[in-house]
Amino acid sequence: MRPSPSVIVVKRLIDICIGFVGTGAFLFLYPILALLIKLESQGPVLYSQERVGINKRDRKAQGGWESEDILALRKSDVGGKPFEIYKFRSMRTDAEKNGPQLAAKGVDPRVTKVGWWLRALHLDELPQFWSVLRGDMSFIGPRPERAHFTVEFGRTIPHYQNRTLWVKPGLTGLAQISLGYDEGMDSVVRKTYFDYSYRASFSHFGSWARMEWWVLMNTVGYLLIKPRKEGDTRDLASLKRVKVLNMLAHAPRKQGNHKVTAWVKLDHDDRSVVLQGKDPSEITARLARLSARGLKTLEVCYTPRKDFDLEDLGFLVELAHGVKQVGGRVAVRDPSARVRRMLQEIHMDKVIDLSRPQSRVRNFMTVDVECWFHAYNLKEKIPPSIWHLQETRIINNMERILRLFNSQDAKATFFVLGWVADRFPEVVKMIASEGHEIGTHGYYHNLITEMTPASYEEDLLKSLEAISKHTSEPIRGHRASNFTIVPNTYWALEIMAKHGLEYDSSIFPIKRDRYGIPDYPNRLPHTMQLQSGAVMKEFPMSTLGVGNKFLPMSGGGYLRLFPHIVTEGFIEACNRKGHPAMVYFHPWELDEDQRRVSVGLVKSFQHYVNIHSLEWKLNRLLQKFSFGSISAGSEARRVKAMLKRNPVYIPSNMGLNWDRDANREAERREARDNPVIPRRPTAA
């Protein structure tokens, strides 16, 4: 498929400018380099060589994708328009007396001393600016290969000659600066992956501009890397990473078709359509037929096979061209770790979305940043007076969490305890530097049910001050210790609103001894109308309805306790309804090596059950579902609609049909600390 017309026009204009500048700016070096070459060895200063240029023969039209006709065509077709390039001679005149061959590993004996420096500094390629100006080459593109090698490689590497389909070879390129010189068939296969990725960027002007800018900037960086004396190739970090990946030229014959899921829209009704086929043109034709029936394509998801090879990448490139040129978006769904790393290394993330959008619903991922001894179950054994004597382990645990999120491209909201922020400011800085949202979790981790409004306000302000010192982003959210926003502590919401907080995530619509509001009227994200007239957003914990009861799900001890299949099934059910799930956990819940404290059978079970499995479960969730921070998720269209529906009126400290027997002790404390209690509003 042809590239975007805007890409062709702009790229040619840039090439003309670079060709003029490159030819004129380095002209003064030509006599110097010619003299050095002549002084060392006899022979011509310049040599010409036939290379293969742009390929304008679309092989899909000549018998179909992977047809026998194409396999036969590879044996005779050189894969593009031949042209002559000129280079300063860097080898002996008899370097290829035995025929064309790739550069030898290590020190190539055919290269002269002057030639080594020319190749190391890439000065031997200066005459190629003339080819760029003429239009035979582009400044950026795949490496121009000799006809002998294009035919040879085309016999063994699937679609090798399609790497220059409608793309001119370049003086520099994505493969050249990432992998250096070819050292054998494996390096040729790896470069073909990069060349395909570069060709995929031509599907859309924005993708091409991002790719072109990256190559341009990194070409400068490549030239600044010190050449290795033992060979022609620089010590490239990208080459080391790519070598450990199993980049297959051709996997054993796979059964079945490619699977593509297209999200389409009809009026206000969103639907998904699963398309399957071996040929991307077949799938894009079906997408076009959907569009002709009035359906607008929103998103196309490609599910790669585990034995992903060059043929699969060729399919993905063609699919990207077919979809993006009509304004669509292509995403890779559920890639394996190998496929994901491979696509990232070849920079396909500049063309397609690798964020695994399994559904259009983004769930909320939250972390309550506290140390292991802050847990309520350990409070009797480790009171606040000896917190400073304990081994915290918070730094290692947070690094572990951030690495996990970074590996899956997930964002989260971190509710940081003020005590942690004051003693470990690097924790807040690490979170902020990774682009995650930061909220407050209070300062001393005290239960709000055991605090007065004055002491809570003091605790809140102290935590905001401690956290704000280490981040430039505003603090918008709050989560109470042990979810102790209950009917008789609704006054805390007024204090949050007073000090500029925009949302709370502390209400748990279940019945527990210390927390929970089982009859809370809204279990989805919603707006709370406070008695003072202020408005706050509430993002409750997720619950699963079983009969007339609700079970806590997808967080903390419940996330550790339930089998992963139960949690994943719950989140999947929520997402099918268009509802985001709330996942939460604590850093210490990933730490198997934390000190064990004897606090009784029940509390020990609650604190330590399945602590070894949480990271594995989180990794599965991050691979299977889309997650983000609360603030980012609240901007989604569906969540915005939820926030406008069914607002909840919150009196300052009176309940909504709550169980007075279960909260009798809290009532007595409230009456003691605040003897003037407003009367319950009379029902209309």
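Refer to the structure printed above.
Summarised in this report is the structure supplied together with it. All figures in this text were calculated on a predicted structure; none of them were measured in a lab.

Of the regular secondary structure elements, the chain holds 25 helices and 20 strands. Per-residue burial over the chain gives 56% buried out of 684 residues. Sequence-distant contacts in the chain: of pairs separated by 6 or more residues, those separated by 24 or more amount to 77%. Carbon and sulfur atoms form 55% of the exposed surface of the chain, whose accessible area is close to 30500 Å².

What follows is about the side chain of Asn397. Along the polypeptide, Asn397 turns up in helix α14 (residues 394–407). If sequence neighbours within four positions are ignored, Asn397 has contacts with Pro587, Trp588 and Asp591.

To continue, consider the packing of helix α17 (residues 453–468) against helix α18 (residues 491–498). Between α17 and α18, the shortest axis-to-axis distance is 10 Å and the interhelical angle comes to 40°. Classified by the interaxial angle, the pair formed by α17 and α18 is oblique. Between α17 and α18 lies a crossing whose hand is right-handed. Counted together, Pro453, Tyr456, Glu457 and Leu460 of α17 and Trp491, Ala492, Ile495, Met496 and Lys498 of α18 form the full contact between these two elements. Of the residues belonging to the contact of α17 with α18, the class tally is 7 nonpolar, no polar and 2 charged.

With that settled, consider empty space enclosed by the protein. Across all of its chains, the model carries 8 cavities of 30 Å³ or more by this definition. A volume near 80 Å³ is recorded for the largest cavity. Lining the largest cavity, in full, are Arg143, Glu145, Phe153, Tyr160, Arg163, Ala175, Asp182, Val188, Lys191, Thr192 and Asp195. Sorting elements by how many residues they give to the lining of the largest cavity places helix α8 (residues 185–200) first, with 4 residues.

Here we come to helix α16 (residues 425–433). Residues spaced three or four apart along an α-helix face the same direction, because each turn holds 3.6 residues. Considered for burial, the residues of α16 that qualify are Val427, Val428, Met430 and Ile431. For α16, the angular spread of buried residues about the axis comes to 160°, placing them on one side. On the buried face of α16, the contacting elements are β9 (363–369), α14, β10 (413–416), α15 (418–423), β11 (437–440) and α17. Remark: Gly435 follows α16 within two positions and exhibits a positive phi of approximately 85°.

Here α14 crosses α16 at 5°, and the two axes come no closer than 10 Å. One element, α14, and the other, α16, form an angle in the roughly parallel class. Contact with α14, carried on its side by Ile394, Ile395, Met398, Glu399 and Leu402, involves Glu426, Val427, Met430 and Ile431 of α16 and no other residues of that element. For the contact of α14 with α16, the class distribution of residues is 7 nonpolar, no polar and 2 charged.

The rules behind each value
Residues numbered from 1 in each chain as written. Predicted model: local features only at pLDDT ≥ 70, side-chain atom pairs only at ≥ 80, totals over all residues. Heavy atoms only, no water. Helix = DSSP H or I, 4+ residues; strand = E, 2+ residues; numbered from the N terminus. Buried < 20%, exposed > 50% of the residue type's maximum accessible area, 1.4 Å probe, protein only. Contact = heavy atoms within 4.5 Å. Areas by Shrake-Rupley, 256 points an atom, 1.4 Å probe, with all protein chains shown as cover. Axes fitted to C-alpha atoms, helices over the stretch in contact; angles between N-to-C directions. Parallel < 35°, antiparallel > 145°, perpendicular 65-115°, else oblique. Left-handed = near helix turned anticlockwise from the far one by under 90°. Nonpolar A, V, L, I, M, F, W, Y, C, P; charged D, E, K, R; others polar. 1 Å grid on protein atoms, 1.4 Å probe; cavity = no way out; pocket = protein on both sides within 12 Å on 5 of 7 lines; lining within 4 Å. Points joined across faces, edges and corners; volume = space filled by probe spheres on them. Arc of directions from axis to C-beta.

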